[in-house]
Amino acid sequence: MSKFVCDLCGYVYDPSAGVPDKGVAAGTDFQALPADWKCPLCEGKKDQFYEVK
(Lines give C-alpha, C1' and ligand atoms only; values in the text may rest on other atoms or scores of the structure.)
Protein backbone atom coordinates (compact mmCIF):
# COMPACT_ATOMS: atom_id res chain seq x y z
CA MET A 1 0.00 0.00 0.00
CA SER A 2 1.20 3.48 -0.82
CA LYS A 3 1.58 6.17 1.81
CA PHE A 4 0.11 9.65 1.42
CA VAL A 5 1.69 12.90 2.60
CA CYS A 6 -0.12 16.10 3.56
CA ASP A 7 1.17 18.90 1.35
CA LEU A 8 0.53 21.44 4.12
CA CYS A 9 2.23 19.92 7.17
CA GLY A 10 4.05 16.79 6.02
CA TYR A 11 1.92 14.32 7.98
CA VAL A 12 2.25 10.82 6.50
CA TYR A 13 -0.87 8.67 6.31
CA ASP A 14 0.23 5.03 6.44
CA PRO A 15 -2.66 2.69 5.58
CA SER A 16 -1.03 -0.18 7.44
CA ALA A 17 -1.20 1.85 10.67
CA GLY A 18 -4.41 3.83 10.10
CA VAL A 19 -5.25 6.53 12.64
CA PRO A 20 -6.89 4.59 15.49
CA ASP A 21 -7.32 7.62 17.75
CA LYS A 22 -9.33 9.28 14.93
CA GLY A 23 -11.44 6.19 14.19
CA VAL A 24 -9.48 4.95 11.15
CA ALA A 25 -8.61 1.27 11.54
CA ALA A 26 -5.27 -0.16 10.49
CA GLY A 27 -5.45 -1.45 6.92
CA THR A 28 -7.76 1.33 5.71
CA ASP A 29 -6.72 2.36 2.21
CA PHE A 30 -6.47 6.11 1.60
CA GLN A 31 -9.09 5.96 -1.16
CA ALA A 32 -11.51 4.34 1.30
CA LEU A 33 -11.38 7.34 3.65
CA PRO A 34 -14.47 9.57 3.46
CA ALA A 35 -14.29 12.55 1.08
CA ASP A 36 -14.53 14.92 4.06
CA TRP A 37 -11.64 13.25 5.93
CA LYS A 38 -9.03 15.75 7.15
CA CYS A 39 -5.40 15.58 8.18
CA PRO A 40 -5.25 14.72 11.89
CA LEU A 41 -2.50 17.31 12.45
CA CYS A 42 -3.45 20.40 10.46
CA GLU A 43 -6.99 19.61 9.24
CA GLY A 44 -5.89 19.81 5.60
CA LYS A 45 -8.39 18.35 3.16
CA LYS A 46 -7.99 14.90 1.65
CA ASP A 47 -7.22 16.41 -1.77
CA GLN A 48 -4.16 18.13 -0.27
CA PHE A 49 -2.38 14.77 0.11
CA TYR A 50 -0.05 13.28 -2.46
CA GLU A 51 0.96 9.66 -2.91
CA VAL A 52 4.45 8.33 -2.20
CA LYS A 53 5.53 4.78 -2.91
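The paragraphs below set out a description of the structure included in this document. Numbers given to residues run from 1 along each chain, matching the order in which its sequence is written. Totals for whole chains, interfaces and linings use all residues, but because this is a predicted model, local features are given only for residues with pLDDT of at least 70 and pairs of side-chain atoms are given and counted only at 80 or more. As a convention, hydrogens and water are excluded, and side-chain values are obtained from all of the structure's heavy atoms.

## Here we look at the overall build of the chain
Selection rule: By the criteria applied, helices consist of DSSP H or I runs no shorter than four residues and strands consist of E runs no shorter than two, each listed in order from the N terminus. Our radius of gyration looks at C-alpha atoms and nothing else; its globule reference is 2.2 Å times the residue count to the power 0.38. Here the term buried applies to any residue with accessible area under 20% of the maximum for its type, exposed to any over 50%, and partly exposed to those in between, with areas from a 1.4 Å probe on protein chains only. What makes two residues a contact is simply this: any of their non-hydrogen atoms within 4.5 Å. The protein chains shown are the only cover counted for residues, whose accessible areas, like all others here, come from Shrake-Rupley with a 1.4 Å probe. His is not counted, nor are the chain ends, whereas Lys and Arg count as positive and Asp and Glu as negative. For this purpose, a charge sits on NZ of Lys, CZ of Arg, CG of Asp or CD of Glu.
Helices and strands together make up the secondary structure of the chain, namely 0 helices and 3 strands. Starting at the N terminus, the α and β elements of the chain follow one another as β-β-β. The C-alpha atoms of the chain give a radius of gyration of 10 Å, which matches the 10 Å a tight globule of 53 residues would have. Expressed as lengths along the three principal axes of its C-alpha atoms, the size of the chain is roughly 25 × 25 × 15 Å. Buried residues in the chain amount to 34% of all 53 residues. In the chain, once contacts between residues fewer than 6 apart in sequence are set aside, the share between residues at least 24 apart is 43%. Here the chain has roughly 3,400 Å² of accessible surface; of this, 50% comes from carbon and sulfur atoms. On the chain, the mean spot of the 6 positive side-chain charges and the mean spot of the 8 negative ones are 1 Å from each other.

## Examining the sheet that holds strand β3 (residues 49-52)
This is how it is decided: Whether two strands pair depends on DSSP finding at least two bridges between them.
Within the open sheet, the 3 strands sit side by side as β2-β1-β3. Their pairing is antiparallel. Taken across any chain shown, the strands that pair with only one partner, and hence form the sheet edges, are β2 (12-13) and β3.

## Things to note about unusual backbone geometry
Leave glycine aside and you will find that most residues have negative phi; peptide bonds, for their part, are mostly trans. Positive phi, close to 70°, is recorded for E43, a residue that is not glycine. With respect to the helices and strands, the residue E43 is situated in the loop between β2 and β3. The exposure class assigned to E43 is exposed, which follows from its relative accessible area of 55%.

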